[in-house]
Amino acid sequence: MDDKEYFQFWHSAQKCKDNGFTTDYQMGETYDEFQIRIKNRQQFSRMVIKLFLNEFNRRHHSHMTVSEYLK
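What you are looking at is a predicted structure, and each value in this text was computed from that prediction instead of being measured.

### Comments concerning helix 1 (residues 3–19)
For helix 1, spanning 17 residues, the distance from its first C-alpha to its last is 24 Å, which sits close to the expected 24 Å at 1.5 Å a residue. Within helix 1, burial applies to Tyr-6, Ala-13 and Cys-16. Take helix 1 and look down its axis: the buried residues cluster within an arc of 85 degrees, on one side only. Of the residues in helix 1, the exposed ones pointing more than 90 degrees away from the buried face are Lys-4 and Asp-18. As for helix 1, its buried residues are in contact with helix 2 (31–60) and helix 3 (66–70).

Laid out in C-alpha cells, this is it:
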C-alpha cells in the first residue's frame, strides 16, 4: 500500500471511528430494516478500521486492535 492509499484509509478509519457506528432512523423503515442497516454499517466500519490497522501495524511494528483504536 502506498502512502496515498494509506492516508485515504486513515481518513476513512477516522470517519468510521467518529460516526460510523451511529445512524438515524429513516421514515418508513421497519424496525428490522433499521437493525439490519445498523449491523451492516457496523461491520463495514470495523472492516475499514481493520484494513487501516493492518497497514498501520506493519509500518509501526505494533499490534493495535480495533477495540484499542476505538477507545
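### What about the packing of helix 1 against helix 2?
One can describe the packing of helix 1 onto helix 2 by two numbers: an axis separation of 9 Å at closest approach and a directional angle of 135 degrees. Judged by the inter-axis angle, helix 1 sits oblique to helix 2. The handedness of the crossing between helix 1 and helix 2 is left-handed. Contacts from Asp-3, Tyr-6, Phe-9, Trp-10, Ser-12, Ala-13, Cys-16, Lys-17 and Asn-19 in helix 1 reach Arg-41, Ser-45, Val-48, Ile-49, Leu-51, Phe-52, Glu-55, Phe-56, Arg-59 and His-60 in helix 2. Residue composition of the contact of helix 1 with helix 2, grouped by class: 10 nonpolar, 4 polar and 5 charged.

### Some details on the packing of aromatic side chains
Where two aromatic rings form a pair, the distance of their centres and the angle of their planes describe that pair. Tallied over the full model, the rule gives 4 aromatic pairs. With centroids separated by 5.3 Å and ring planes inclined at 70 degrees, the aromatic side chains of Tyr-6 and Phe-7 adopt a geometry described as edge-to-face. Members of the aromatic cluster, connected to one another through ring pairs, are Tyr-6, Phe-7, Phe-52, Phe-56 and Tyr-69. Against the face of Tyr-69 rests Lys-17, its NZ or CZ located 4.8 Å from the ring centre.

### Describing a nonpolar patch on the surface
Among the surface-exposed residues, Phe-44, Met-47 and Leu-51 lie close enough to one another that they form a single nonpolar patch of about 280 Å² accessible area. Relative to the elements of secondary structure, Phe-44 occurs in helix 2.

What counts as what
- Residues numbered from 1 in each chain as written.
- Predicted model: local features only at pLDDT ≥ 70, side-chain atom pairs only at ≥ 80, totals over all residues.
- Heavy atoms only, no water.
- Helix = DSSP H or I, 4+ residues; strand = E, 2+ residues; numbered from the N terminus.
- Expected span 1.5 Å × (residues − 1).
- Buried < 20%, exposed > 50% of the residue type's maximum accessible area, 1.4 Å probe, protein only.
- Arc of directions from axis to C-beta.
- Contact = heavy atoms within 4.5 Å.
- Axes fitted to C-alpha atoms, helices over the stretch in contact; angles between N-to-C directions.
- Parallel < 35°, antiparallel > 145°, perpendicular 65-115°, else oblique.
- Left-handed = near helix turned anticlockwise from the far one by under 90°.
- Nonpolar A, V, L, I, M, F, W, Y, C, P; charged D, E, K, R; others polar.
- Phe/Tyr/Trp six-rings, centres within 6.5 Å; stacked < 30°, edge-to-face > 60°.
- Lys NZ or Arg CZ within 6 Å of the ring centre and 35° of its normal.
- Patch = residues over 30% accessible without salt bridge, like charges linked within 9 Å, V, L, I, M, F, W, Y side chains within 5 Å.
- Areas by Shrake-Rupley, 256 points an atom, 1.4 Å probe, with all protein chains shown as cover.
- Salt bridge = Lys/Arg side-chain N within 4 Å of Asp/Glu carboxyl O.

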